[in-house]
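Structure at a glance
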Amino acid sequence: MAKYETMMVTSSALDEEASAALIGKFKSLIEANGTIDSVDDWGKRRLAYPINDETEGVYTVIKFTSEPSFPAELDRIYKITEGVLRSIIVAEEE
């Protein structure tokens, strides 16, 4: 098992309920494949540059522990999910 940190920026055009459902989807996906250590909701912030004509995004940081093969699958799902503007997954050093 290895420790990871993922940050996702979701569309600010989504209402609160849809945004919470999208983040909940990824939390349950991570829990099904590992354990969540912490969730840090940064809220709505201005983007450094427009992405898909949007100037704001909702930032969420999740620290989790999983098998080394899982982050590739998580990244694939981020890319095909509508509403996710950007995402990154980083392995934490121990």
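On a predicted model such as this, the values are computed, not experimentally measured, just so you know.

Each value, and the rule that gives it
- Residues numbered from 1 in each chain as written.
- Predicted model: local features only at pLDDT ≥ 70, side-chain atom pairs only at ≥ 80, totals over all residues.
- Heavy atoms only, no water.
- Salt bridge = Lys/Arg side-chain N within 4 Å of Asp/Glu carboxyl O.
- Helix = DSSP H or I, 4+ residues; strand = E, 2+ residues; numbered from the N terminus.
- Buried < 20%, exposed > 50% of the residue type's maximum accessible area, 1.4 Å probe, protein only.
- Contact = heavy atoms within 4.5 Å.
- Pairing = 2+ DSSP bridges.
- pLDDT = per-residue confidence, 0-100.
- Core = buried A, V, L, I, M, F, W, Y, C linked by side-chain atoms within 4.5 Å.
- Axes fitted to C-alpha atoms, helices over the stretch in contact; angles between N-to-C directions.
- Parallel < 35°, antiparallel > 145°, perpendicular 65-115°, else oblique.
- Left-handed = near helix turned anticlockwise from the far one by under 90°.
- Nonpolar A, V, L, I, M, F, W, Y, C, P; charged D, E, K, R; others polar.

**Re the pattern of salt bridges**
- With the rule as written, the count across this model stands at five salt bridges.
- In this structure, Lys-3 engages Asp-37 in a salt bridge whose closest nitrogen and oxygen atoms are separated by 3.5 Å. In this pair, Lys-3 sits in strand S1 (residues 2-11) while Asp-37 sits in strand S2 (residues 34-51), placing the two residues 34 residues apart along the sequence.
- A residue is classified by how much of its surface remains accessible, and Asp-37, at 43% relative accessible area, is partly exposed.
- Here Arg-76 ties to Glu-73 by a salt bridge, and the two come within 2.9 Å at their closest N and O atoms. Linking Arg-76 with Glu-73, this pair stays in helix H2 (residues 70-80), spanning three residues, or about one helical turn.
- Residues joined by salt bridges that share partners form a network here, namely Glu-5, Lys-63 and Glu-92.

**A few points about the side chain of Ser-19**
- Along the chain, the position of Ser-19 falls in helix H1 (residues 16-33).
- If we ignore the near neighbours within four places in the chain, the residues touching Ser-19 are Thr-10, Leu-14 and Val-58.

**A closer look at the pairing of S1**
- Burial analysis of S1 places seven of its 10 residues in the buried class, the great majority of the element.
- For S1 and strand S3 (residues 54-66), the ladder comprises 10 bridges, and the chain directions are antiparallel. Paired with Val-9 across the two strands is Tyr-59, which belongs to S3.
- Of the pairings in the sheet, the one linking S1 to strand S4 (residues 84-91) comprises seven bridges and is antiparallel in character. Among the inter-strand pairings, Thr-10 is bridged to a residue of S4, identified as Val-84.

**Some thoughts on the confidence of the model for the chain**
- Counting all residues, the mean pLDDT for the chain is 93, and 99% of those residues have values of 70 or more.
- Element-level mean pLDDT values for the chain span from 93 in H1 up to 96 in S4.

**Thoughts on the nonpolar core**
- Core analysis: the largest hydrophobic core is formed by 14 residues, its most contacted members being Met-8, Phe-26, Ile-30, Phe-64, Leu-74 and Tyr-78.
- By size, the runner-up hydrophobic cluster in this structure holds five residues, among which are Val-9, Leu-47, Ile-51 and Leu-85.

**Topic: the packing of H1 against H2**
- Look at H1 against H2: their axes get within 11 Å of each other, and the N-to-C directions meet at 160°. The orientation of H1 relative to H2 falls into the category roughly antiparallel. Along this stretch, H1 crosses H2, giving a crossing that reads as right-handed. Listed contacts from H2 to Phe-26, Leu-29, Ile-30 and Asn-33 of H1 are Phe-70, Leu-74, Ile-77 and Tyr-78.
- A class-by-class count of the residues in the contact of H1 with H2 yields seven nonpolar, one polar and no charged.

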